[in-house]
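Structure assessment
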Amino acid sequence: MGPLLIDVEGTSLTKDDRKLLQNPLVAGVILFSRNFEDQSQLSELIKEIRSVSTERLLISVDHEGGRVQRFKQGFTVIPPAQSFAVLNELEQAKALAFDAGWLLAIELIAFDIDLSYAPVLDLGHECLAIGTRSFHENADIALQVATSMIDGMHAAGMKTTGKHFPGHGHVIADSHKETPIDHRDKSLIEQDMQIFTNLITAKKLDAIMPAHVIYPAFDDKPASASQYWLKTILRQQLQFDGIIFSDDLSMEGAAVLGDHAQRAQAALAAGCDLLLACNNRQGTLAILEQLAVLAKQQSLVSNKAKQLLSNKQITYAELTKNHDWRLRHDNLTKLNEKWIKYASSNL
């Protein structure tokens, strides 16, 4: 198994999808809203993906809540991270965040989906890429609420991915569309990073996704392709021993690194264990060609993705009969209704 996670085109696998998923350099799949019609179709797509490869591929999705929730019809709608603390006292916010972490994880696991890339640990709500995805602008409040969501995900049996290291919240630009540059002083960036530091020390994070953001006070490369951030800081200074994902290499935030093949090589050289390449099939093919060249020079075989696999133990139909599911589903539904009213008046 190699280091690459790819997307698939639609609601069932095409011939090209099947061929790519059988490539030994592919470790798994990331799903999007276009891959979902309803629960029945999703179940069949997952079975297809599982059957097409002799390896157990890592099946993942961005399903953190709010505007980044790929499956909604038939699933609990998870409110955005900002809603927990803005609409509740801290202890209640933490309880609801636990419910949200448990729900988003257990519902995905019921469909044999292994991983949601969550939680977002960026501070503040001004960044175009982050906004309501942030728990809070106050680092201590964000840490407490994020920890509760992590505990909920772990209780359901899902690994966690903290993003976007060392912090994406204080650049306005959207790294999906350009490469943001954070010109702040070192001390302010290090303050943003503290939430990651605390969670790493507490052994709460199983994986980390660095930002496609340049921090000139430290390095001239985006954190996602920076040996300074990934090897010197994450691995050596913070002693993080989990998995490092690249963010999507097709994002414009990574364009400063070169073409798709060069982006992949830079991310691997910087210390990324697993690479995401989505929504640009030609770019994905170029990355696979580059990885094939690298594989001839060095071993790219990795068991990293296998460390993130979940263990399906319940069907969705069984889940919805569970008392804990019903209670938490009702709690999150009420919070989402409150959030819609709040957002319409305040945002």
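My aim in this report is to walk through the structure given alongside it, one point at a time. (Residues numbered from 1 in each chain as written. Predicted model: local features only at pLDDT ≥ 70, side-chain atom pairs only at ≥ 80, totals over all residues. Heavy atoms only, no water.)

So, on to the state of the cysteines. Evaluation of the coordinates by the stated rule reveals zero disulfides. Looking at the unpaired Cys127, the closest cysteine sulfur is the one in Cys278, lying at 19 Å. Judged by its relative accessible area of 2%, Cys127 is buried. Unpaired in this structure, Cys278 has its nearest cysteine sulfur neighbour in Cys272, at a distance of 13 Å. A relative accessible area of 2% places Cys278 in the buried class. (Disulfide = S-S within 2.5 Å. Buried < 20%, exposed > 50% of the residue type's maximum accessible area, 1.4 Å probe, protein only.)

It is worth spelling out the pattern of salt bridges at this point. Close approach of charged atoms allows side chains with opposite charge to pair. Applying the stated criterion to the full structure yields 22 salt bridges. One salt bridge in this structure joins Arg281 and Glu9, with 3.6 Å as the shortest N-O distance. Here Glu9 lies in the loop between strand E1 (4-6) and helix H1 (15-21) and Arg281 lies in helix H9 (residues 281-297), a separation of 272 residues in the sequence. Classification of Arg281 as buried rests on a relative accessible area of 19%. Judged by relative accessible area, Glu9 falls into the partly exposed class, the value being 42%. Through salt bridges with shared partners, a single network forms among Asp62, Glu64, Arg70, Arg133 and Lys163. (Salt bridge = Lys/Arg side-chain N within 4 Å of Asp/Glu carboxyl O. Helix = DSSP H or I, 4+ residues; strand = E, 2+ residues; numbered from the N terminus.)

Below, the discussion takes up the pairing of strand E2 (residues 26-31). Where burial is concerned, most of E2 is hidden: six out of the six residues are buried. For E1 and E2, the ladder comprises three bridges, and the chain directions are parallel. Across the sheet, residue Ile6 finds its bridge partner in E2, namely Val29. Considered for its hand, the β-α-β crossover made up of E1, H1 and E2 is right-handed. Where E2 and strand E3 (residues 58-61) come together, four bridges link them in parallel fashion. From the neighbouring strand, Ile30 faces E3, where its bridge partner is Ser60. (Pairing = 2+ DSSP bridges. Right-handed = clockwise from strand over helix to strand, strands pointing away.)

Next up on the list: the sheet that holds E3. Across the sheet, which stays open at both edges, the five strands sit in the order E6-E3-E2-E1-E10 with parallel pairing between neighbours. Two strands lie at the open edges of the sheet, namely strand E6 (115-116) and strand E10 (275-277), each paired on one side alone.

Let us look at the packing of aromatic side chains. This structure, assessed with the given rule, holds 16 aromatic pairs. A ring pair is formed by Phe36 and Phe75, whose centres lie 5.8 Å apart and whose planes are at 75 degrees; its orientation type is edge-to-face. Taken as a pair, Phe36 in the loop between E2 and helix H2 (39-52) and Phe75 in the loop between strand E5 (68-69) and helix H3 (82-86) lie far apart in primary sequence, 39 residues in all. Connected via pairs of aromatic rings, a cluster forms that spans Phe36, Phe71, Phe75, Phe111, Tyr316 and Trp325. The ring of Trp102 carries the charged tip of Arg328 above its face, separated from the ring centre by 4.6 Å. (Phe/Tyr/Trp six-rings, centres within 6.5 Å; stacked < 30°, edge-to-face > 60°. Lys NZ or Arg CZ within 6 Å of the ring centre and 35° of its normal.)

Turning our eyes to something else, we now look at helix H6 (residues 186-201). In this model H6 runs 21 Å from its N-terminal to its C-terminal C-alpha over 16 residues, within 8% of the 22 Å that 1.5 Å per residue would give. The sharpest bend along H6 comes to roughly 40 degrees, located at Met193. In this structure, the buried residues of H6 make contact with helix H5 (139-156), strand E7 (161-165), strand E8 (207-210) and helix H7 (227-237). (Expected span 1.5 Å × (residues − 1). Bend = angle between axes of the 7 residues up to and from the residue. Contact = heavy atoms within 4.5 Å.)

So, about the pairing of E7. Of all five residues in E7, five are buried; the element is thus mostly enclosed. As defined by bridge partners, E7 adjoins E8 across four bridges and the pair is classed as parallel. The residue of E8 that forms the bridge with Thr161 is Ala207. In this view, the connection linking E7 to its parallel neighbour E8 by way of H6 has right-handed handedness.

Most of the time, phi is negative for any residue but glycine, and the peptide bond is trans. With an omega of 5 degrees, the peptide bond running from Ala118 to Pro119 counts as cis. For Pro119, the location among the structural elements is in the loop between E6 and H5. Going from Lys163 to His164, the amide bond is cis rather than trans, its omega being 10 degrees. As for its position among the elements, His164 is in strand E7. Residues other than glycine seldom take positive phi values, yet Asp112 does so here, at roughly 65 degrees. Its location among the elements puts Asp112 in the loop between helix H4 (90-110) and E6. Here Asp112 falls in the buried class, since its relative accessible area comes to 14%.

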